[in-house]
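Chain residues, written in single-letter form:
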Amino acid sequence: EDHAVVREGLAELIRREADMEVVGEAGDGEDTVRQVQLIKPDIVLMDIAMPGVNGVEATRQIKINVPQTRVLVLTAYDNPEFVTASIEAGAVGYLLKNVRRKELTTAIRSAFEGEAVLHPSVAKAIFAQLQIPPGKLPNEKPDLLSEREFQVLQKGAEGLSNKQIATILSIGPRTVQTHWRNIF
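Bear in mind the structure is a predicted one, so any value in this text is a computation, not a measurement.

(A) Looking closely at the nonpolar core. Among the nonpolar cores identified, the biggest contains 25 residues, and Val83, Tyr94, Leu118, Val122, Val152, Val176 and Trp180 are the most heavily contacted of them. Elements that contribute at least two residues to this core include exactly helix H4 (80-89), strand S3 (93-96), helix H6 (120-130), helix H7 (147-157), helix H8 (162-169) and helix H9 (173-183). The contacts of Val176, once residues within four sequence positions are left out, are Val152, Asn162, Ile165, Ala166 and Ile171. Membership of the second largest hydrophobic core comes to 15 residues, among which are Leu13, Ile14, Val92 and Ile108.

(B) Summary view of the packing of helix H3 (residues 55-65) against H4. Relative orientation of the contacting elements H3 and H4 amounts to 15°, with a least axis distance of 8 Å. Regarding the angle of H3 to H4, the classification is roughly parallel. Here the hand of the crossing between H3 and H4 comes out right-handed. Here H3 contributes Val56, Thr59, Arg60 and Lys63 to the contact with H4, which in turn contributes Ala85, Ser86 and Ala89. Looking at the contact of H3 with H4 residue by residue, the class counts come to 3 nonpolar, 2 polar and 2 charged.

(C) Seen up close, the layout of surface pockets. Of the voids in this model, the largest pocket is the one considered here, and its volume is about 780 Å³. For the largest pocket, the lining is made up of 29 residues, of which Ile14, Glu21, Ile43, Val44 and Leu45 are closest to its centre. Quantified by volume, the second largest pocket comes out at close to 430 Å³. Surrounding the second largest pocket, 21 residues form its lining, Thr106, Val117, Gly159, Leu160 and Ser161 being those nearest its centre.

(D) Representation of the side chain of Thr32. With respect to the helices and strands, the residue Thr32 is situated in helix H2 (residues 29-39). Apart from the residues lying within four places of it in its own chain, the contact partners of Thr32 are Ala26, Val44, Met46 and Ile62.

(E) Just the sheet that holds S3, in detail. Spatially, S1-S2-S3-S4 is the arrangement adopted by the 4 strands of the open sheet, whose pairing is parallel. At either end of the open sheet lies a strand with only one pairing partner, and these are strand S1 (43-46) and strand S4 (117-118). Looking at chain direction, S3 and S4 are connected through 2 bridges and run parallel. Residue pairing across strands places Tyr94 opposite Leu118, the latter belonging to S4.

Rules used throughout
Residues numbered from 1 in each chain as written. Predicted model: local features only at pLDDT ≥ 70, side-chain atom pairs only at ≥ 80, totals over all residues. Heavy atoms only, no water. Core = buried A, V, L, I, M, F, W, Y, C linked by side-chain atoms within 4.5 Å. Buried < 20%, exposed > 50% of the residue type's maximum accessible area, 1.4 Å probe, protein only. Helix = DSSP H or I, 4+ residues; strand = E, 2+ residues; numbered from the N terminus. Contact = heavy atoms within 4.5 Å. Axes fitted to C-alpha atoms, helices over the stretch in contact; angles between N-to-C directions. Parallel < 35°, antiparallel > 145°, perpendicular 65-115°, else oblique. Left-handed = near helix turned anticlockwise from the far one by under 90°. Nonpolar A, V, L, I, M, F, W, Y, C, P; charged D, E, K, R; others polar. 1 Å grid on protein atoms, 1.4 Å probe; cavity = no way out; pocket = protein on both sides within 12 Å on 5 of 7 lines; lining within 4 Å. Points joined across faces, edges and corners; volume = space filled by probe spheres on them. Pairing = 2+ DSSP bridges.

If you want it as structure tokens, here you go:
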């Protein structure tokens, strides 16, 4: 996070959680990559827009050099291209900075457990892109997603967690994660 006041606020928020610890902070992508290689944290909160190396490229470099570190994007940008680029680079999730404290800490814990995390409004935008436009027949829509992937996406757009989706669809949480990877 390149904005010091935001970075400090996030660090303080995380320090208040008994099961979390802040092990490093960085103001740009290059410093983030360097610190991750030295510290090897479990989770990195990554912004997209930073000076020098942006968050997408920093995520890509982290996943190449320290693949066990999970990157959770926390940004103000809900642009679908940024979402796709982040996930392709190896991010396990994508959140917007308008999340509440509880949503963020829950997302960090979920990412730590290997779950995919997606902000509900981002999931809704992806869902909307995949819907059949008015006037088109259902058979005109390309088969971009399987029926189950579409169900997972729909439940994610409703704001449900991976565990909730797994329960509702009677599948395992790891299967939900696999569906998210296929969706992206």
